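# Examining the three-dimensional arrangement
Listed below are the residues making up each chain.
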Amino acid sequence: MGTGHSREDLDLSDSESESESRETTARESESEDSYGTPSSYLSDQKRDPKTPSSLDDVESRLRALKLKYNNVSNDLNPKNAVKLYLHIGGHTAKSKWVVSEKLASYSFCKTKSEGEDDEGDEEGSEQNASWVLIIGSKVRAKVDENLQLKASKEQKRADFVANGVWAVKFFSAEEYDDFTKRYQECVFENTYGYEANNENKLKVYGKDFMGWANPEAADDSMWEDADENSGMTPRVKTNVGHDLSEEFEEAAATGGAIQSLTLGALDNSFLVGDSGIQVVRNYNHGIQGKGIYVNFNDTRLSRTNGGSNTNYVTPRKTLLMKAETNMLLMSPVMGGKPHSTGLHQLDIETGRVVSEWRFEKDGTDITMRDITNDSKGAQMDPSGATFLGLDDNRLCRWDMRDRKGIVQNIVNESTPVLNWTQGHQFSRGTNFQCFATTGDGSIVVGSLDGKIRLYSTSSMRQAKTAFPGLGSPITHVDVTYDGKWILGTTDTYLILICSLFSDKDGKVKTGFAGRMGNRISAPRLLKLNPLDSHMAGANNRFRNAQFSWVTENGKQERHLVTTVGKFSVIWNFQQVKDGSHKCYQNQVGLKSCYCYKVVPKDESIVDSRFMHEKFAVSDSPEAPLVVATPMKVSSFSISSSRLHM
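One structure accompanies this document, and this report is about it. In this text, all values refer to a predicted model and were calculated from it rather than measured experimentally. (Residues numbered from 1 in each chain as written. Predicted model: local features only at pLDDT ≥ 70, side-chain atom pairs only at ≥ 80, totals over all residues. Heavy atoms only, no water.)

### Examining the overall build of the protein chain
Inclusion rule: Put simply, DSSP H or I for four residues or longer makes a helix, DSSP E for two residues or longer makes a strand, and each gets a number counted from the N terminus. Exposure categories follow from relative accessible area, calculated using a 1.4 Å probe and restricted to protein chains: below 20% of the type maximum is buried, above 50% is exposed, and the middle band is partly exposed. Contacts are assigned to residue pairs with any non-hydrogen atoms lying within 4.5 Å of each other.
Along its length, the protein chain carries ten helices and 40 strands. The burial tally for the protein chain puts 56% of its 645 residues in the buried class. Summarising the internal contacts of the protein chain: among those between residues at least 6 apart in sequence, 60% fall at separations of at least 24.

### A look at the environment of Lys566
Along the chain, Lys566 turns up in the loop between strand S34 (559–564) and strand S35 (567–572). Take Lys566: its relative accessible area is 33%, and that puts it in the partly exposed class. Each C-alpha atom of the pair Lys566 and Val598 lies 9.7 Å from the other, and the pair is 32 residues apart in sequence. Not counting residues up to four positions away in its chain, the partners in contact with Lys566 are Ala536, Val599, Pro600, Lys601, Asp602, Glu603, Ser604 and Ile605.

### Examining the pairing of strand S21 (residues 394–399)
Applicable threshold: The rule for pairing is simple: two strands pair if DSSP sees at least two bridges between them.
Within S21, six of the six residues are buried, which leaves it mostly tucked inside the rest of the structure. Burial of the side chains of S21 extends over both faces: Arg394, Cys396 and Trp398 are buried on one face and Leu395, Arg397 and Asp399 on the other. In terms of strand pairing, strand S20 (residues 386–391) meets S21 through six bridges, oriented antiparallel. Considered in S21, the bridge of Asp391 is made with Arg394. Here S20 hands over to S21 after two residues, the two strands then running antiparallel side by side.

### Re the sheet that holds strand S26 (residues 465–467)
Using the following cut-off: Axis geometry follows a simple rule: fit a line to the C-alpha atoms, using only the stretch in contact for helices, then measure angles between N-to-C directions, giving values from 0 to 180 degrees.
Across the sheet, four strands lie side by side as S23-S24-S25-S26; this open sheet has antiparallel pairing. Each edge of the open sheet carries a strand with a single partner, namely strand S23 (432–437) and S26. Each strand axis lies, on average, 20° off the axis of its neighbour in the sheet, ignoring direction. Here strand S25 (residues 452–455) runs beside S26; their pairing, made up of three bridges, is antiparallel. Note that in S26 the partner of Ile452 across the bridge is Phe467.

Set out below in structure tokens:
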């Protein structure tokens, strides 16, 4: 399936008759699947001149209807009046916005959990209650990031997802400002459980990160100066709107659905499936099968958990080592939970499991939820024998050599124990979820509470910098080779953080090397517009966001890619860093970038990653993008002839 266009805002049109609007709305309410995004936007027009002039008449009619939400009629006044639109037509030529209610009233109401009595005063303070947004008789939704709300001050408009894709149009800039301010306050209270005031923002973010709470006052100079401070290669402005072309697609031969994608920087990459691993060849145009397949039944992978299990478990995590001649395979202890008590070492050249390892500390078996290389590019080191491990409250380094430095061979011996060489077991709940490493081996860790911690190469005991959470768990994290940029994945957005700061002597450092103090730049968010979020499918959570792959000093990553349901979504890294970019104009809250490229597929995508930058050809600014679905793998290239400077 080909690539899609870059997504931009669709202008609302009031040209449709009111009767047609009512009929279409009724039809669409019967089928939620018909909502979607069009390929182009309609032109903006003035609001319908037939809008009722007497709000008293409308108010009296609403009172007569005895609506379920008493506070809606009480709040019906010009300040809360909006025009409500619904998007219909799915991804077809007939997709469009229609007027759902020409004059509706919105309110923010605090309600208890579903099923409980939720009537009462709008500003109620019941315990365990949440703020919901109510618009007319059509919309009622909890105020949180799942709404995917995108506000446009220029159009006096806000789009969002709530069992369909909706938009509201305000009749004045003041009413728009009132709505967005109240919305931000409700999001804060629903997220943290505190009223949105300066005292509580200080409690949540800490004094060093108040720029995150008030981004308009934050120092963003580091975003603009980062490349100049680093002596990086000159900036190349690229446009990801029309520059991707599909080079190759083939069916997977993994003996079942593809479960994960492991890219190599040398000759081969690997597709991990239900019952085996397919070895594919790396080319400048992407990856392609080479006819080699490792079946799990033909290896010792069936002896998971010290040989107690006679059935293999599909590896949840793979890691290339020793110049990509070996692969570590980590399978969960039991289905549904990511923790593992050990791993297998696969010799790729022979296709056999040569070692089985057990995680142990102080004579006690422990678990790991994730593993990664010591540094970016460490998988290409032929002598590499150590790797990093992460569990809910543990961060450590494992050594596959015994204490005398001799590599253990246990083909016919009992399962050996990995040597815990460095690390820390935290006594309190850090709730670590994921981690990644820089080129020099510094470590970034994402947590369930949304915090992102930076650890230096010298200590895993105490983080040099701990960024506060924005309320959403970090499910995946990546970092640039130079450690200056950190990319966190949540279910509904990506968070991009600049780790640069100036110390007391004016020297520019990263947050891995020292405490950043209070001159910390506010992060930027990367989001889908509500239409695309809805179109991505039922499983439309952001997953596994990555920078393009660089393993050499002096080179800069150019793109970011993530998987959202049936979409691979690509952002231009330089464009995201540009503070004058059009996306950031007149925004409320943290700057959010909505300019991206969508690569759609017919089924949910397993993973999307850029190949190593060495596979970029001379006329391309980027290595190929590889997109894996359960049954197919596709490669896309970026042509410099289509770039806009």
